[in-house]
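Here is what each chain is made of, one letter per residue.
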Amino acid sequence: MAEIRIENLKYRYPHTKKLALDGITCKIKQGEFIGVIGRNGSGKSTFCQALTGLVPNFYRGAYGGKIFIDNIKVDTVGVEEICQKVGLVFQNPFNQVTGAKLTVYEEIAFGLENLGIPRDEMIRRVDEAMELLDIAKYKDRHPFDLSGGQMQRMAIASIIAMQPEVIILDEPTSQLDPQGSEEVFQAVQKLSKKGITIIMVEHKIEKIAAYSDRVILLDEGKLIDMDTPQKIFSKENLHEYGVEAPIFTKICKGLGIRNNKTLCYPVTLEEAKEVLAK
Ligand code: ADP
Ligand code: MG
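Every chain's residues receive numbers from 1 upward, in the order its sequence appears when written. To read the labels, note that chains go from A and ligands from 1, taken in the order they are written. Totals for whole chains, interfaces and linings use all residues, but because this is a predicted model, local features are given only for residues with pLDDT of at least 70 and pairs of side-chain atoms are given and counted only at 80 or more. To get the side-chain values, all heavy atoms of the structure are used, and hydrogens and water are removed first.

A.B. asks: Quick question: what am I supposed to make of the site of ligand 1 here?
C.D. replies: The near set for a molecule or strand comprises every residue that places at least one heavy atom within 4 Å of it. Ligand 1 sits among Tyr13, Thr16, Lys18, Ala20, Arg39, Asn40, Gly41, Ser42, Gly43, Lys44, Ser45 and Thr46. In protein, a polar contact means a hydrogen-donor-capable atom and an acceptor-capable atom, both N or O and within 3.5 Å, with residues adjacent in sequence counting only if both atoms are side-chain atoms; elsewhere, any N or O pair within 3.5 Å suffices. Within the side chain of Lys44, one N or O atom sits 2.7 Å away from an oxygen atom of ligand 1. In the model, an oxygen atom of ligand 1 is placed 2.9 Å from a nitrogen or oxygen of the Ser45 main chain. Three residue categories are used. Nonpolar comprises Ala, Val, Leu, Ile, Met, Phe, Trp, Tyr, Cys and Pro, charged comprises Asp, Glu, Lys and Arg, and polar comprises the others, including Gly. Tallied by class, residues from the shell around ligand 1 come to 2 nonpolar, 7 polar and 3 charged.

Dropping the structure here:
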């Protein structure tokens, strides 16, 4: 199971002057749910691409530092090798559907067919992935005949069937309604509890606060801070990075309600209630 180590990662896209990633150093534990936040252009998507090796192997440009996923140094191995360990989920579930398959079941099996996985193993993996993402009931539906949340869960199931150790999600709920977003967050949390390392870029700050074990705050390609949601969202100068605290944090701050031990403000309603009950 995968642990990630990043040492002084720097990256510049071809024909640009500014570093898109500027000296990022951090460690991510196996099974952690990491939320990534920061204003537009702060480097979140580039960070995701670096974790898959697409930066620099596909995008080229100037690259420095190291990313290890377990003992694999990401930029030195083929993208195929990384793909076995790391799954990438994009914003728009529509763009992730192959369009070649007539049912949800076949869609999820597609990647495995391409790998030449034996039939019994394939059936077992597809069933397990559908179960985990709670979409077994739609297995005979046409992939485009799903809601946004269901389609995104199908896309994640296709990745889960490949048995990755890390899943990276770049704004996976930005095209979804509140219910679809909640479905995706709950499904992803379940995967993290199973030991899969999760790195999720999101603007839905309330959800990031509720679901992340730790949050990475990026600005101008730099890692400004990496800590618990409580610590990150209690930062006094958060707005300087184009990020707002969750509504509960703002209310608690306004009312002076904070956790006496950590001195942080609550980030969810449940936490606010707990602090108030003491
Ligand atoms: P975010 O996902 O946080 O909005 P990005 O990682 O997309 O930020 O962008 C980080 C920086 O890299 C920005 O300055 C952006 O303009 C630049 N950038 C992103 N993609 C490319 C690209 N393909 N070529 C050149 N510059 C890029
Ligand atoms: Mg982005």
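A.B. asks: What is the right way to look at unusual backbone geometry in this model?
C.D. replies: Note: most residues except glycine have negative phi, and most peptide bonds are trans. In this chain, Val55 is followed by Pro56 through a cis amide linkage whose omega measures 10°. Examined against the element boundaries, Pro56 turns out to sit in helix α2 (residues 54-57). You will see that Glu171, though not glycine, has its phi angle at about 50°, which is positive. To qualify as a helix, a DSSP run of H or I must reach at least 4 residues; to qualify as a strand, a run of E must reach at least 2; elements of each kind are numbered from the N terminus. When you line up the elements, Glu171 lands in the loop between β7 (166-170) and α7 (178-193). Burial here depends on accessible area, computed with a 1.4 Å probe over protein chains only, as a share of the maximum for the residue type. Under 20% is buried, over 50% is exposed, and the range in between is partly exposed. For Glu171, a relative accessible area of 12% puts it in the buried group.

A.B. asks: How should I be thinking about the packing of helix α6 (residues 148-160) against α7 in this particular structure?
C.D. replies: When two helices pack together, their arrangement is given by the angle between the helix axes and by the axis-to-axis distance. Between α6 and α7, the least distance of the axes is 8 Å, while the angle of their chain directions is 20°. Classified by the angle between their axes, α6 and α7 sit roughly parallel to one another. Crossing of α6 over α7 shows right-handed handedness. Across the interface between the two elements, Gly149, Gln150, Gln152, Arg153, Ile156 and Ile160 from α6 touch Gly180, Glu183, Val184, Ala187, Val188 and Leu191 from α7. Tallied by class, the residues present in the contact of α6 with α7 amount to 6 nonpolar, 4 polar and 2 charged. Geometry is summarised by axes, namely lines fitted to C-alpha atoms with helices restricted to the contacting stretch, and by angles between N-to-C directions that run from 0 to 180 degrees. Geometric relationships in this document are graded by angle, where less than 35 degrees denotes roughly parallel, more than 145 denotes roughly antiparallel, 65 to 115 denotes roughly perpendicular, and other angles denote oblique. Take the far helix as the reference: if the near one is turned anticlockwise from it by less than a right angle, the crossing is left-handed, and if turned clockwise, right-handed. Here, residues are in contact when the closest pair of their heavy atoms is within 4.5 Å.

A.B. asks: Help me understand the sheet that holds strand β4 (residues 62-69), please; the structure alone is not making it clear to me.
C.D. replies: Either a parallel or an antiparallel arrangement is found when strands of a sheet pair, and the pairing is made through backbone hydrogen bonds. On the basis of which strands lie adjacent, the open sheet formed by 4 strands has the order β2-β1-β4-β5 and antiparallel pairing. Either end of the sheet is taken by a strand with one partner, and the two such strands are β2 (21-28) and β5 (72-73). Pairing between two strands requires that DSSP report at least two bridges joining them. Where strand β1 (residues 4-12) meets β2, 6 bridges bridge the pair, whose relative direction is antiparallel. Note that in β2 the partner of Ile4 across the bridge is Ile28. Across the face of the sheet, helix α1 (residues 44-52) comes into contact with β1, β2 and β4 while running at roughly 120° to β1.

A.B. asks: Explain the sheet that holds strand β9 (residues 214-219) to me, please; I cannot follow it from the model alone.
C.D. replies: Strands sit in the order β6-β7-β8-β3-β9-β10 across an open sheet of 6 strands; the sheet is mixed. In the strand order of this sheet, the two ends are held by β6 (86-89) and β10 (222-227), each with one partner. Recorded for the sheet is a direction-independent mean angle of 15° between the axes of neighbouring strands. Taken together, the 5 bridges between β7 and strand β8 (residues 197-201) define a ladder with parallel strand orientation. Note on β8: the bridge partner recorded for Ile167 is Ile198. Packed on one face of the sheet, α6 meets β6 and β7 and runs near 165° to β6. Lying over the sheet, α7 contacts β3 (33-37), β7 and β8, oriented at roughly 150° with respect to β8.

A.B. asks: Even after reading the chapter, I still don't get α6, so can you show me in this structure?
C.D. replies: Residues that lie three or four places apart on an α-helix share one face, since the helix turns once every 3.6 residues. Here α6 contains 13 residues, and its C-alpha end-to-end distance of 18 Å stays within 8% of the 18 Å for a straight helix at 1.5 Å per residue. In terms of burial, α6 is a largely internal element, 12 of the 13 residues being buried. All buried positions along α6 are accounted for by Gly149, Gln150, Met151, Gln152, Arg153, Met154, Ala155, Ile156, Ala157, Ser158, Ile159 and Ile160. Taken together, the buried residues of α6 touch β6, α4 (104-115), α5 (119-132), β7 and α7. Take the residue count of a helix, subtract one, and multiply by 1.5 Å to get its expected span.

A.B. asks: Teacher, can you tell me more about the packing of aromatic side chains here?
C.D. replies: The description of two aromatic rings rests on the distance between their centres and on the angle between their planes. Pairing of aromatic side chains requires ring centres within 6.5 Å, counting the rings of Phe and Tyr and the six-membered ring of Trp. Pairs whose planes differ by under 30 degrees are stacked, by over 60 edge-to-face, and all others tilted. Counted by the stated rule, this structure contains 5 aromatic pairs. Among the aromatic residues, ring-to-ring pairing joins Tyr11, Tyr13, Phe58 and Tyr59 into one connected group.

A.B. asks: When you look at the environment of Met130 in this model, what are you seeing that I'm missing?
C.D. replies: Secondary-structure assignment places Met130 in helix α5. Here Met130 falls in the buried class, since its relative accessible area comes to 2%. Considered as a pair, Met130 and Arg153 are 23 residues apart in the sequence and their alpha carbons are 8.8 Å apart. If we ignore the near neighbours within four places in the chain, the residues touching Met130 are Tyr105, Ile108, Ile135, Ala136 and Lys139.

A.B. asks: Would you explain the pattern of salt bridges in this entry?
C.D. replies: As a working rule, side chains carrying opposite charge can pair if their charged atoms are close by. We define a salt bridge as a side-chain nitrogen of Lys or Arg found within 4 Å of a carboxyl oxygen belonging to Asp or Glu. The final tally for this structure, using the stated rule, is 19 salt bridges. In this structure, Glu7 and Arg5 form a salt bridge, with 3.3 Å as the shortest nitrogen-oxygen distance. Judged by its relative accessible area of 30%, Glu7 is partly exposed. With a closest N to O distance of 3.6 Å, Glu128 and Arg124 form a salt bridge. Within this pair, Glu128 and its partner Arg124 are both found in helix α5, separated by 4 residues, close to a single helical turn. Its relative accessible area of 39% is what places Glu128 among the partly exposed residues. Taken together, the shared-partner salt bridges connect Glu121, Arg124, Arg125 and Glu128 into one network.

Nothing here speaks to function; it is geometry throughout.
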